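Topology and contacts: notes
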Amino acid sequence: MPAIKLFGRKWLAATDDLVYPGLFEIFIRAVWLILITTACIRYYAYTWRCQLGGELVRVYLIGELVFLVTSILFILIIARQSAKGTIMEARDRKYVEPLLTIKILLLLPEIAWNVLGCLWMFGPNVECGYEHYTVTVVQALVFFDWILIGLTIFGLALIFDPLGSLGDKQLESTAEHGKISSIWFRRFRFLWWMRKDESANEIFQHAAGLLSALFRGTDLVPSDVMAGCILLRIRQKRETHELRLLNLLIRPVYTPSLLSALFRGTDLVPSDVMAGCILLRIRQKRETHELRLLNLLIRPVYTPNASIIFKDTPSWMSLENAVHYMKLSIACYGWLFVLYQHMCTGCCHIMQNLTCCACFRRKRISISGDNCCYCYLAGVKYLSDISTDNILFASFKNHLCEIPFCVINDQETNNIVIVIRGSLSLRDLLTDIAADSEVFPCDDLPPGSQAHRGMITAAKSILKQLDDNQILERAFSTYTQHNLVITGHSLGAGIGILLALLLRPRYPNLKVYAFATPGGLLSREAAKVTEEFVLTIGVGDDLVMRLSVDSTENLRTSLLLTLRACRLPKYRVVLNGLGYILFGIPERDLSKTWTNCNVITTATGESPLLNERDINRIEENKIYEQDITKRRFSRVKLYVGGKILHIVKCKPERSEEKSNKKQNVKEKKYEMRWAQPEEFTELMVVPRMLLDHLPENIEKALSTLLEQQNKIPYHFDP
């Protein structure tokens, strides 16, 4: 950071991004240099015996050696210059851009030289066929040199920025914002398989507007985002570590000698000391009370006991129901999830439930969007253990804002269940990206309530299909005693909640089981309404539950602040980040290494990545004030819907951990508590933020919690 400027444009790389690519290219070219040198030492003398063109072979080999040595020297200098300074100190790397320009220009004569080599070695100009030497060796060298050139050109293509020709000042204007949006729009339209989707242009426009607003004017390159995420992870880890230490502080014990030294020369009388002790006691009591409140905020109470958690909740909120409907939510992912679970034997499991030539048979149920053998339906039946007769309707069409779903007669719970699939395709991803807020008129919601735009469109699309085919009317005319339940995972959970709000006036007893619901779903007052009939379940540090336009924009600002405060070069940050992924963040990097090395100037007890917290807050507020009118895409903050059950994996006690190691048992235990939507408004950069979102991990957590209930002693609460 900032981006490299070459040939009158910006590129998606910074001047400090060339250390590791440079080392990689040096390694490749050094190996190639060794091979060519070996070929010259072994075969150079035989070129004098060629019947024709021996001098061309010698000229090509010598010229190739010169190009390799020159390139290696230039890359060494560029990598050395790129390693200088911190991420924000671009002046220390001022020679990188001219050196890199010369290096790229040297690519042209190298290409020309290799073209001549091809003409010489693969043409009639050279004839060398002795026992100890053949022109095939040099032909192989020419061929693999094209691979080196191709890798270099591929690297340039990766960092090409189509917006690089725009200047910084121009990016702030409304006209240039429109240009950036139009580029994103053309990128979406380039996906030809989406051109015929309904409402495609509208969704493309909103998604393009969001992406252009997020990235406009930041001058961030992909490596800056990666380094910033590593630094944010260390910052969050350090702050959590410090907050935990607040509860381990021991009050000092004052001895008589210390007291005499403290009061010497103060001119205090005994009554002053008495009054001061009374006031000090009040102050200490206040501080203790504040620390207790802080402890409740930082370390909320989790418990594995379901009888405590679900004590004051309605009967339909239970772990048993959650496990059952999580299984149905997974089943809606169909045959792709079967192949994902069973890499080798997935096809065998699907084939057992296939319906051969189903398009030529009389259809017992209404199915749309599946193939002739009903592969998608086969996956649903295998994962859910539900017969074809109990699937009342299924739509597997996947277009923009049109998500696959099934309507099932659940005989186990005597409910009609609408199961909505989560994100599984690029179309679904674009539905997620169209995340700006839109007014969501609904009878049960306060006036002016807003929700996720893409999910509103998807919920209305499902409602239209249900009404056009009269699915629910026919289902309840057959199963009169059944109730309506909606369930889904991820995108399906968010759409399910909005669909429930649309259907609730007709079916007031409707219930929703939502798993890993996206964060930017409903405005706050609307989210409160859904707590009556929606159970939302999230596990650990799920990224999607914290993902919204507001949290993404806040993350962008945090990245800029953290990169500005860091005093390490980027290659060191990336190298440390690789070590953190493999071995975790060691304590010395939280308490000693980052402070004692004078990498970042901090006071004792402060975060090593930020100079002063108060200064950073002021700076962050200034950035928000400056950018709120230019960069803020959504004016309304959206939250997770429903009554949120948060599940975390707990660490076993030391005695229990030792016994598990002796018995070679890897037992995972989980705890849970009720959470508030405000707790999921900040993106957490942690290793498991993606793994905690996967449906199989959520099902595993729920199943483990359910198994733990049998091991928990009965809790009597008088």
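The structure displayed is predicted, hence computed values, not measured ones.

The helix and strand inventory of the chain stands at 28 helices and 13 strands. Residue burial in the chain is summarised as follows: out of 718 residues, 47% are buried. Of the contacts formed within the chain by residues at least 6 apart in sequence, a portion of 75% connects residues at least 24 apart. Carbon and sulfur atoms make up 60% of the accessible area of the chain, which amounts to about 37700 Å² in all.

Evaluation of the coordinates by the stated rule reveals 20 salt bridges. The shortest N-O distance in the salt bridge between Arg504 and Glu532 comes to 3.5 Å. Of this pair, Arg504 sits in the loop between α20 (491-503) and β10 (511-515) while Glu532 sits in the loop between α21 (524-530) and β11 (534-539); the two residues are 28 residues apart in sequence, bridging distant segments of the chain. The exposure class assigned to Arg504 is buried, which follows from its relative accessible area of 17%. Salt bridges linked by common partners bring Asp16, Asp17, Arg93, Asp224 and Lys570 together as one network.

Those residues of helix α19 (residues 471-478) that sit buried are Ile471, Leu472, Ala475 and Phe476. Viewed along the axis of α19, the buried residues span an arc of 115°, placing them on a single side of the element. For α19, exposure combined with an orientation more than 90 degrees from the buried face picks out Ser477 and Thr478. Looking at the packing, one finds that the buried side of α19 touches β4 (391-395), β5 (405-410), β6 (415-420), α18 (453-469), β9 (483-489) and α20.

Here the focus is the state of the cysteines. By definition, a disulfide links two cysteine residues through a covalent bond between their sulfur atoms. All told, the structure shown has 0 disulfides when counted by the stated rule. Sulfur of Cys406: no disulfide; nearest cysteine sulfur belongs to Cys332 and is 4.3 Å away. Look at Cys406 and you get buried, because its relative accessible area is 1%.

The interhelical angle for the contact between helix α13 (residues 319-331) and helix α28 (residues 695-708), taken along N-to-C directions, is 155°, at an axis separation of 10 Å. By the criterion of interaxial angle, the relationship of α13 to α28 is roughly antiparallel. Helix-helix and strand crossings are classified by hand; for α13 and α28 the assignment is left-handed. Taking contact as the criterion, the partners of Leu319, Glu320, Ala322, Val323, Met326, Lys327 and Ile330 in α13 are, on α28, Pro695, Glu696, Ile698, Glu699, Leu702, Ser703, Leu705 and Leu706. Of the residues assigned to the contact of α13 with α28, the class counts are 10 nonpolar, 1 polar and 4 charged.

The next subject is the UniProt feature "transmembrane region" (unreviewed entry) in the chain. On the UniProt side, "transmembrane region" (unreviewed entry) is annotated at positions that read residues 26-45, 57-79, 100-123, 135-160 and 484-503 here. Segment residues 57-79 splits into 100% helix and 0% strand. End C-alpha atoms: 33 Å apart. Secondary structure across residues 135-160 comprises 92% helix and 0% strand; the distance between its end C-alpha atoms is 38 Å.

The biggest cluster of nonpolar side chains holds 49 residues, and the ones touching the most others in it are Phe515, Ile647, Met672 and Leu702. Sorting elements by how many residues they give to this core places α13 first, with 8 residues. Setting aside anything within four residues of it in sequence, one finds Ile647 in contact with Ile537, Gly538, Val539, Gly540, Tyr670, Glu671, Met672, Ala701, Leu702 and Leu705. Counting 46 residues, the second-largest nonpolar core is a separate cluster that includes Phe393, Ile456, Leu510 and Ala514.

In terms of residue burial, strand β2 (residues 9-14) counts as a mostly covered element, since 5 of its 6 residues are buried. As paired strands, strand β1 (residues 3-6) and β2 are joined by 3 bridges and run antiparallel to one another. By the bridge assignment for β2, Leu6 is matched with Arg9. Counted along the chain from β1 to the antiparallel partner β2, the turn is 2 residues long, and its residue Phe7 has a positive phi close to 55°.

Let us look at a nonpolar patch on the surface. Together, Tyr20, Leu23, Leu575 and Leu578 give the surface a local cluster of nonpolar side chains, amounting to about 370 Å² of exposed area. Considering the arrangement of structural elements, one finds Tyr20 in helix α1 (residues 19-43). For Tyr20, a relative accessible area of 34% translates into the label partly exposed.

For the pair helix α2 (residues 54-82) and helix α3 (residues 96-105), interaxial distance at closest approach is 10 Å and the crossing angle is 160°. Judged on the interaxial angle alone, α3 and α2 are roughly antiparallel. Between α2 and α3 the crossing geometry is left-handed. Across the interface between the two elements, Ser71, Phe74, Ile75, Ile77, Ile78, Gln81 and Ser82 from α2 touch Val96, Leu99, Leu100, Ile102 and Lys103 from α3. Per-class residue counts for the contact of α2 with α3 are 8 nonpolar, 3 polar and 1 charged.

What follows concerns the sheet that holds β11. Strand order across the open sheet formed by 9 strands is β3-β4-β5-β6-β9-β10-β11-β12-β13, with mixed pairing between neighbours. Unpaired on one side and paired on the other, β3 (366-368) and β13 (669-675) mark the two borders of the sheet. Shown here is a sheet whose adjacent strand axes are inclined to one another by a mean of 20°, direction ignored. The pairing of β9 with β10 spans 5 bridges and is classified as parallel. Bridge pairing in β10 links Ile486 to Val512. With respect to the sheet, α20 is in contact with β6, β9, β10 and β11, its orientation differing from that of β9 by roughly 155°. In the packing of α28 onto the sheet, contacts are made with β9, β10, β11, β12 (643-650) and β13, and the angle to β13 comes to roughly 100°.

Reading the values: rules and limits
Residues numbered from 1 in each chain as written. Predicted model: local features only at pLDDT ≥ 70, side-chain atom pairs only at ≥ 80, totals over all residues. Heavy atoms only, no water. Helix = DSSP H or I, 4+ residues; strand = E, 2+ residues; numbered from the N terminus. Buried < 20%, exposed > 50% of the residue type's maximum accessible area, 1.4 Å probe, protein only. Contact = heavy atoms within 4.5 Å. Areas by Shrake-Rupley, 256 points an atom, 1.4 Å probe, with all protein chains shown as cover. Salt bridge = Lys/Arg side-chain N within 4 Å of Asp/Glu carboxyl O. Arc of directions from axis to C-beta. Disulfide = S-S within 2.5 Å. Axes fitted to C-alpha atoms, helices over the stretch in contact; angles between N-to-C directions. Parallel < 35°, antiparallel > 145°, perpendicular 65-115°, else oblique. Left-handed = near helix turned anticlockwise from the far one by under 90°. Nonpolar A, V, L, I, M, F, W, Y, C, P; charged D, E, K, R; others polar. UniProt positions renumbered as here; feature names shortened; annotations may be inferred. Core = buried A, V, L, I, M, F, W, Y, C linked by side-chain atoms within 4.5 Å. Pairing = 2+ DSSP bridges. Patch = residues over 30% accessible without salt bridge, like charges linked within 9 Å, V, L, I, M, F, W, Y side chains within 5 Å.

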